[in-house]
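# Fold and contact review
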Amino acid sequence: MLLKGERTFVVRDAGGFVAHINMPGWLKPRPVDHGHGPLAMVVESILDPGRLIAMHEHRNDEIVSWVPEGVMRHDDKATGRLVIDRDHLMVMNAGTGFWHSEETLASDPPLRMLQILVRPRAIGLEPKIQYGSIPAATANFWQHLVGPEGEGAPYYIRNAVDIFDIRLEAGARAEFPRKQGRDLYFYVFSGSIAVDGQSFTEGEQGLHLSDDRLGLEAKDSVTLIAFLLDANAPVAKQGTVGDHRKIPPVIVIRAFLKWRKFRWMWRRSS
């Protein structure tokens, strides 16, 4: 089953810093969780040049910073200053606690990135930072970026999630990555694709509740990220961001989704 999510309605605007917060679990017809298994949320973050997000703490989240456009300047008390861009990736395994800040200089281009929040397998793990280069992307081929600890991916997180990205030329066809027993979640960062008779454009997302083959076609130049995840993996839901206490309870979201569907049907019949 392929479920489509339109561009998220959860947007936080902090003046020069805008976060579009995507909840994979809310794509289901009857959500029971804002996340889907170990994948808590995917946040598209936009930061204007010359904007600082002051030093703050993360706990019990595994945070992947993926930056296709612009430059994100990270600083923390352990590793110091790091620069994340399309050639570099950072994974913050927050564990018991990690303090950091994020910044763009006035001379930097606008930043548009994804911050991916994964639930760890347990609370209280050792905090770590992973940072380094990623190979130049080969057009029309998936690149494996992140995987479970100990399974050989270039960077690791401490739960059952694999992360891939791809840059497709207009008209190119591909097949999503697959792994036995894993569901697929994907996010269209730019461009548009056709999947299983449905169109997905920039900022839209899909959840495939199966490990069956699934193909796609690029309608124009596309940047896409995909996640393979074990929806039944043990998770710790105590992340300071991924499971923030202010996330609306599922019963509220169910009511909102029903209201939105009714409104759409009403407008269509008017």
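Preceding block: the structure.
Residues numbered from 1 in each chain as written. Predicted model: local features only at pLDDT ≥ 70, side-chain atom pairs only at ≥ 80, totals over all residues. Heavy atoms only, no water.

### Here's the deal with the overall build of the protein
- Scanning the protein from terminus to terminus reveals 1 helix and 22 strands.
- Radius of gyration (C-alpha) of the protein: 18 Å, near the 18 Å computed for a compact globule of 270 residues.
- Judged by the C-alpha coordinates and their principal axes, the protein covers about 55 × 40 × 40 Å.
- Relative to its full complement of 270 residues, the protein shows a buried share of 53%.
- Counted over contacts in the protein with a minimum sequence separation of 6, partners at least 24 positions apart contribute 74%. (Helix = DSSP H or I, 4+ residues; strand = E, 2+ residues; numbered from the N terminus. Rg over C-alpha atoms; globule rule 2.2 N^0.38 Å. Buried < 20%, exposed > 50% of the residue type's maximum accessible area, 1.4 Å probe, protein only. Contact = heavy atoms within 4.5 Å.)

### Structural notes on the environment of His100
- Tracing the sequence through the fold places His100 in strand S10 (residues 98-103).
- Since its relative accessible area comes to 3%, His100 is described here as buried.
- Separated by 159 residues in sequence, His100 and Trp259 place their C-alpha atoms 39 Å apart.
- If sequence neighbours within four positions are ignored, His100 has contacts with Ala54, Met55, His56, His58, His74, Asp75, Asp76 and Met92.

### Things to note about unusual backbone geometry
- You will see that Asn140, though not glycine, has its phi angle at about 75°, which is positive.
- Positive phi, normally seen in glycine, also occurs at Asp196, with a value near 50°.
- Considering the arrangement of structural elements, one finds Asp196 in the loop between strand S18 (192-195) and strand S19 (198-201).

### What about the sheet that holds S18?
- Strand order across the open sheet formed by 4 strands is S16-S21-S18-S19, with antiparallel pairing between neighbours. Sheet topology places strand S16 (173-175) and S19 at the edges, where each strand pairs with a single neighbour. When the angles between neighbouring strand axes are averaged without regard to direction, this sheet yields 30°. (Pairing = 2+ DSSP bridges. Axes fitted to C-alpha atoms, helices over the stretch in contact; angles between N-to-C directions.)

### Quick word on the sheet that holds strand S7 (residues 72-76)
- Spatial ordering of the open sheet is given by S5-S10-S7-S8, a layout of 4 strands whose pairing is antiparallel. Pairing within the sheet leaves two strands with one partner each, and these edge strands are strand S5 (52-58) and strand S8 (80-84). Each strand of the sheet is rotated relative to its neighbour by a mean of 25°, with strand direction disregarded.
- Note: S5 against S10, 5 bridges, orientation antiparallel. Across the sheet, Ile53 pairs through a bridge with Glu102, a residue of S10.

### So, the pattern of salt bridges
- Under the defined criterion, the tally for this structure stands at 20 salt bridges.
- With a closest N to O distance of 3.0 Å, Glu57 and Arg59 form a salt bridge.
- With relative accessibility at 36%, the residue Arg59 sits in the partly exposed group.
- Residue Arg213 pairs with Glu175 through a salt bridge whose shortest N-O separation is 2.8 Å. Linking Arg213 in the loop between strand S20 (205-208) and strand S21 (215-218) with Glu175 in strand S16, this pair joins segments that are 38 residues apart in sequence.
- Residue Arg213 is classed as exposed on the basis of its relative accessible area, which comes to 58%.
- We classify Glu175 as partly exposed; its relative accessible area is 34%. (Salt bridge = Lys/Arg side-chain N within 4 Å of Asp/Glu carboxyl O.)

### Overview of the side chain of Gln130
- Here Gln130 lies in strand S12 (residues 128-133).
- Reaching out from Gln130, the side chain makes a polar contact with the side chain of Asn93 at a distance of 2.8 Å.
- Here Tyr156 takes part through its backbone oxygen, which lies 2.8 Å from a polar atom of the side chain of Gln130.
- Not counting the four nearest positions on each side in its chain, Gln130 is found in contact with Leu89, Met90, Val91, Asn93, Tyr155 and Tyr156. (Polar contact = N/O pair within 3.5 Å; in protein donor to acceptor, adjacent residues only side chain to side chain.)

### Side note on the environment of Phe200
- Among the secondary structure elements, Phe200 is positioned in strand S19.
- The buried category is assigned to Phe200, whose relative accessible area is 0%.
- Taking the C-alpha atoms as reference points, Phe200 and Lys219, separated by 19 residues in sequence, lie 9.6 Å from one another.
- Discounting residues that sit within four places of it in the chain, Phe200 has contacts with Leu2, Lys4, Phe186, Val188, Gly191, Ser192, Ile193, Val195, Gln205 and Gly206.

The values reported here are purely geometric and, on their own, carry no functional implication.
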